Amino acid sequence: MNSIDLDEEQASILRGIYNNWVNLQKEEIIELDKILSELASLEYNYKSNVLKSESEFEYIFKDDEFLKDLPEEVLESAREKAKNKWSEWYLFDSDTHNALNVMEYCSNAKIRKYFLDKFGSFASNWKYDNRENVLKILDLKHKMANLFWSNNYAELSFKSKMSKSPKVMLGVLENTAMLVKDKMLLEVEEIKQYFWLEKLDYWDLFYYRIKLQKEKYGIDKNEICEYFEFESTKQSAFDLANKLYGMEFKLLTENQEYQVYE
């Protein structure tokens, strides 16, 4: 393996791929080809359903009282989207930034809950229901894993990853969750006490967190964002990559396409 100048990690990945395929019998290769073909079709349908479901989502605010704390650039974008649809007021679509801004700044709890529920359920019912696609994809991936002598697809996937097994990764996630849990509980309790709340629902967490930061600690997220303007932040990332790895980024076209040089 190392005769073609691969480092140990690259060689390990290549060995895993080679060992997986080289021992398959002819009928197993035919079965694998069939599985991959079906997976490609199902995954295309899955993504298509998500995009179509998202494209149909629109929410128009006809009362800007609920939006008075939203950043002005967000409101301006919502006004422009409404105008493009020959409508007035403010139109919010399936852009994830819309959901986050509503969760953080909209003063109406019912609307916050609606956005949270909606953004977590695209393509899960009606004409774009993906549940059957998901079950079929899981079944095919399980069959593919069995072809490669794995108990499940997670085991097969981890053969080419740095973590040794799904069990190891689950352990890492569980340890991380334990470290975060105590801090999160303290934050929730602080919010409840500061705003005299008997309970704090999940769709209220982002909203009250932003208010707490501003009122109690004088931290305004919008003011901080001014220091992370997109173009300057992007250039800083390019400069850091150049210093660390000797990579240089050059703009090639007006469509903001970049070529990377080493």
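Residues numbered from 1 in each chain as written. Predicted model: local features only at pLDDT ≥ 70, side-chain atom pairs only at ≥ 80, totals over all residues. Heavy atoms only, no water.

Peer 1: Before we move on, can you summarise the packing of helix H5 (residues 109-119) against helix H9 (residues 202-217) with the specific residues and values?
Peer 2: Contact pair H5 / H9: the axes reach a minimum separation of 8 Å and the direction vectors enclose 115°. Seen from above, H5 lies across H9 with right-handed handedness. Contacts between H5 and H9 involve Ala-109, Arg-112, Lys-113 and Leu-116 from the first element and Tyr-202, Trp-203, Asp-204, Tyr-207 and Tyr-208 from the second. A breakdown of the residues in the contact of H5 with H9 according to their chemical character gives six nonpolar, no polar and three charged. (Axes fitted to C-alpha atoms, helices over the stretch in contact; angles between N-to-C directions. Helix = DSSP H or I, 4+ residues; strand = E, 2+ residues; numbered from the N terminus. Left-handed = near helix turned anticlockwise from the far one by under 90°. Contact = heavy atoms within 4.5 Å. Nonpolar A, V, L, I, M, F, W, Y, C, P; charged D, E, K, R; others polar.)

Peer 1: So what's going on with a nonpolar patch on the surface? Which residues, and what values?
Peer 2: Together, Val-168, Met-169, Leu-170, Val-172 and Leu-173 give the surface a local cluster of nonpolar side chains, amounting to about 410 Å² of exposed area. Relative to the assigned elements, Val-172 resides in helix H8 (residues 166-194). (Patch = residues over 30% accessible without salt bridge, like charges linked within 9 Å, V, L, I, M, F, W, Y side chains within 5 Å. Areas by Shrake-Rupley, 256 points an atom, 1.4 Å probe, with all protein chains shown as cover. Salt bridge = Lys/Arg side-chain N within 4 Å of Asp/Glu carboxyl O.)

Peer 1: Tell me what's going on with the pattern of salt bridges, and back it up with residues and numbers.
Peer 2: According to the stated counting rule, one finds 17 salt bridges in the structure shown. A salt bridge links Arg-131 to Asp-129, with the nearest nitrogen and oxygen atoms 2.7 Å apart. By relative accessible area, which is 52% here, Arg-131 ends up exposed. Note that Glu-132 is salt-bridged to Lys-136, the shortest N-O span being 3.1 Å. Note that Glu-132 and Lys-136 are positioned in helix H6 (residues 131-147) at a spacing of four residues, about one turn of the helix. Take Glu-132: its relative accessible area is 52%, and that puts it in the exposed class. Since its relative accessible area comes to 40%, Lys-136 is described here as partly exposed. Each of the salt bridges in this network shares a partner with another, and the network as a whole consists of Glu-72, Glu-76 and Arg-79. (Buried < 20%, exposed > 50% of the residue type's maximum accessible area, 1.4 Å probe, protein only.)

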